[in-house]
Amino acid sequence: MKRNVQSIAQVHRLVHELQSLAKEAGHARPLMIGIDQENGLVSAFSSAATGLAGTQFPGAMALAATGSVHLAAEVSAATAKELRAAGINWAYSPVGDVNSDPRNPVIGVRSFGDDPSTVAEYVRSVSVALTAGKVAPSAKHFPGHGNTHVDSHLSLPRILVDKPALKTTELVPFEAVARDGIASIMTGHMALPLVTGDDTPCSLSRNITTDLLRGEIGYNGVIVTDCLEMEAVAEKYGSEGGAVLSLQAGADVAMICHTYTRHVGAIEATYAAVLEGKLPFDVLQVSGTRVAAMKEKFAGTWDDVFASFEADITAALKKEHALLSSRAYLASISHIPNSRAFVRLSKSGPAILFTPRMENINPAVDGSGEILRDAAGRLRNTAGPSYLAFAASISRRAPALEHVIYAPEENLPDALKENLRAATSVVFATRNGYDKGAWQVEYLRKVIEVVRGGEGGTQKVVTVSTCAPYDLLAAGELEVPALATYEFTIPALEAASAVIYGEVEVTGRVPVKVTPTTA
């Protein structure tokens with residue numbers, strides 16, 4: 001988890017300690033050390049702020065926007081090299097979900113798009129590159145978490161599709177990597193009542209884990225659950241009960257990510273289930289054989305895992321990967337097609353940057369979110385480190401910058417209106433301004449109304465969707481140019497600044513759409 005990551009060297013020391021404990025305890029093979037490293041917004045190993053941990057690379061939707069499966073493979077190969085340098089051998093990536101619901105609060109830009117075939121192509125590319133780098137990939141969240149507007153961290157999504165519909169959309173990427181023999185597949189916590197006949201989470205359902213994934217699709221690799229502390233499971237079954245049910249369903253690994261007492265409780269509950277005859281021991285032995293085969297391929301020998309940290313080689317990798325990251329982010333910046341044609345902004349005069357007040361997106365991205373509130377529980381009117389970096393980036397290009405943090409139900413002060421009319425360039429950022437965040441687009445319309453009557457008019461405005469691009473795709477015909485970065489990471493916003501001020505061309509293409517039925 002990101003809370004455990006300070007630098008590559010520190011992670012290497014931590015992994016070394018874990019492997020030492022395993023060897024001393026009598027393990028025959030080294031441990032599989034997993035991490036939630038999708039790149040983009042879910043990058044437990046990355047740190048653009050300090051530069052000491054892994055390189056920040058673009059996430060799935062940003063990579064799909066480049067149109068280059070080869071570039072996605074390059075990024076994944078680089079990620080694998082850095083993970084291996086730290087001793088990590090299992091990445092919970094790629095995301096195989098087809099994001100067919102633009103309201104999706106938990107997948108969104110973590111998906112490669114809304115076209116099953118395109119998603120499958122990128123998922124296969126990432127999987128092959130990680131595997132070649134001796135990092136076991138894990139396609140997730142089987143059988144698909146893209147067609148819902150409920151976050152399984154908080155509640156159980158019910159996806160009302162039947163099996164034929166599932167086969168034409170959600171299953172396409174997973175079937176592709178299953179045929180390739182991907183090392184592992186992660187099951188998700190969503191209910192498919194039209195497929196299973198009840199509301200059992202797929203991760204706990206034998207109909208899904210064994211009958212569909214093992215039987216119909218023919219997958220023989222390791223099946224791991226998503227974290228069983230997520231409320232979609234924990235609320236009804238408990239993490240401990242969920243662990244037993246997932247193993248009964250056919251999973252090989254039951255994942256619990258956060259709480260030690262729940263780890264212990266799950267082991268005790270599993271042991272009791274075996275003693276009571278509720279979980280056949282031979283089933284666990286088969287799972288052990290699958291895990292052992294994955295260890296044989298990816299964990300290596302004890303000599304491998306106790307190799308010294310190679311600081312100079314890692315530093316050289318980081319320099320090389322910084323260039324790759326910049327190239328990939330620049331290639332991802334896209335023009336949103338329902339907006340006016342993009343024309344670069346002038347650097348000759350003062351600029352104004354609008355960024356939305358920071359609000360939680362989902363636990364996979366934000367963690368606890370406690371830093372967003374004061375002692376009384378009130379939401380802070382804060383820019384956050386990424387938008388502060390965005391402001392600094394624009395400041396390096398414009399002679400003066402005013403950074404405005406806007407919030408719901410606010411009006412523009414008269415002084416700000418005057419500054420807007422006089423400004424040479426205006427950059428307006430949104431962050432998931434679709435559905436519940438629609439107030440951001442309404443604020444944009446207020447800004448456009450003011451700028452329209454000032455010097456340069458709307459020609460001096462660019463708006464930037466800094467997360468899922470559905471907010472501006474659904475905004476109708478925009479009279480100002482709109483760009484998409486797909487994430488509010490620091491390198492993504494640096495790339496946006498370079499594009500906005502004409503240092504590079506816009507080459508990305510938005511890999512999702514909003515139709516009248518979903519807008």
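Everything here concerns the structure above.
Figured I'd write up the structure that's included with this text.

Thresholds applied
Residues numbered from 1 in each chain as written. Predicted model: local features only at pLDDT ≥ 70, side-chain atom pairs only at ≥ 80, totals over all residues. Heavy atoms only, no water. Buried < 20%, exposed > 50% of the residue type's maximum accessible area, 1.4 Å probe, protein only. Helix = DSSP H or I, 4+ residues; strand = E, 2+ residues; numbered from the N terminus. Pairing = 2+ DSSP bridges. 1 Å grid on protein atoms, 1.4 Å probe; cavity = no way out; pocket = protein on both sides within 12 Å on 5 of 7 lines; lining within 4 Å. Points joined across faces, edges and corners; volume = space filled by probe spheres on them. Nonpolar A, V, L, I, M, F, W, Y, C, P; charged D, E, K, R; others polar. Contact = heavy atoms within 4.5 Å. Axes fitted to C-alpha atoms, helices over the stretch in contact; angles between N-to-C directions. Core = buried A, V, L, I, M, F, W, Y, C linked by side-chain atoms within 4.5 Å. Expected span 1.5 Å × (residues − 1). Arc of directions from axis to C-beta.

1. Topic: the pairing of strand S6 (residues 184–187)
Each regular strand shows side chains that alternate between the opposite faces of the sheet. Of the two faces of S6, the one lined by Ser 184 and Met 186 and the one lined by Ile 185 and Thr 187 are each fully buried. By the bridge criterion, three bridges tie strand S5 (residues 138–142) to S6 in an arrangement that is parallel. Residue Ala 139 lies in a different strand from S6, and its bridge partner there is Ile 185. Sheet analysis places S6 next to strand S7 (residues 222–225), joined by four bridges and oriented parallel. The residue bridging Ile 185 from the neighbouring strand is Ile 223, located in S7.

2. Details of empty space enclosed by the protein
Here the structure, examined in full by the defined rule, presents three cavities of 30 Å³ or more. Each pocket or cavity is described by its volume, and for the largest cavity that value is around 150 Å³. Considering the residues around the largest cavity, the lining is formed by 19 residues, among which Glu 38, Asn 39, Ser 76, Ser 93 and Val 126 are closest to the centre. Breaking the lining of the largest cavity down by element, the ones donating at least two residues are strand S2 (37–39), helix H2 (60–66), helix H3 (69–86) and helix H4 (116–132). No other element matches the four residues that H3 contributes to the lining of the largest cavity. Among the residues forming the lining of the largest cavity, the class breakdown is eleven nonpolar, six polar and two charged.

3. As for the sheet that holds strand S11 (residues 425–430)
Pairing within the open sheet is mixed, and its six strands lie in the order S8-S13-S12-S11-S9-S10. Two strands bound the open sheet, and with one partner strand each, they are strand S8 (334–335) and strand S10 (401–406). In this structure, S11 lies alongside strand S12 (residues 461–465), joined through five bridges in parallel fashion. Within S12, the position partnered with Phe 428 by the bridge is Thr 463. Running over the sheet, helix H16 (residues 414–422) touches strand S9 (351–356), S10 and S11 and is turned about 125 degrees from S9. Sheet strands touched by helix H17 (residues 439–452): S9, S10, S11 and S12. Its angle to S11, the strand with the most contacts, is close to 170 degrees.

4. Some points on the nonpolar core
In this structure, Phe 354, Phe 390, Leu 420, Val 427, Val 447 and Ile 500 are the most contacted members of the largest nonpolar core, which totals 64 residues. At eight residues, H17 tops the list of elements feeding residues into this core. Sequence-distant contacts of Phe 390, that is, excluding residues within four places in its chain, are made with Leu 353, Val 427, Ala 429, Leu 493, Ala 496, Ser 497 and Ile 500. One finds Val 11, Ile 33, Ala 60 and Phe 174 within the second-largest nonpolar core, a separate group that totals 54 residues.

5. With respect to the environment of Ala 73
Note on placement: Ala 73 falls in helix H3. Taking C-alpha positions, Ala 73 is 9.7 Å from Leu 63, a pair spaced ten residues apart along the chain. Residues within four places of Ala 73 in sequence aside, it is in contact with Ser 125 and Ala 129.

6. As for helix H15 (residues 384–395)
An ideal rise of 1.5 Å per residue puts 16 Å on twelve residues; H15 measures up with 17 Å between its terminal C-alpha atoms. Those residues of H15 not exposed but buried are Gly 384, Ser 386, Tyr 387, Phe 390, Ala 391, Ser 393 and Ile 394. Down the axis of H15, the buried side of the element spans an arc of 160 degrees, and every buried residue falls inside it. Tucked inside the fold, the buried residues of H15 contact S9, S10, S11 and helix H19 (490–500).

Note that all results are geometric; they support no functional claim without further evidence.
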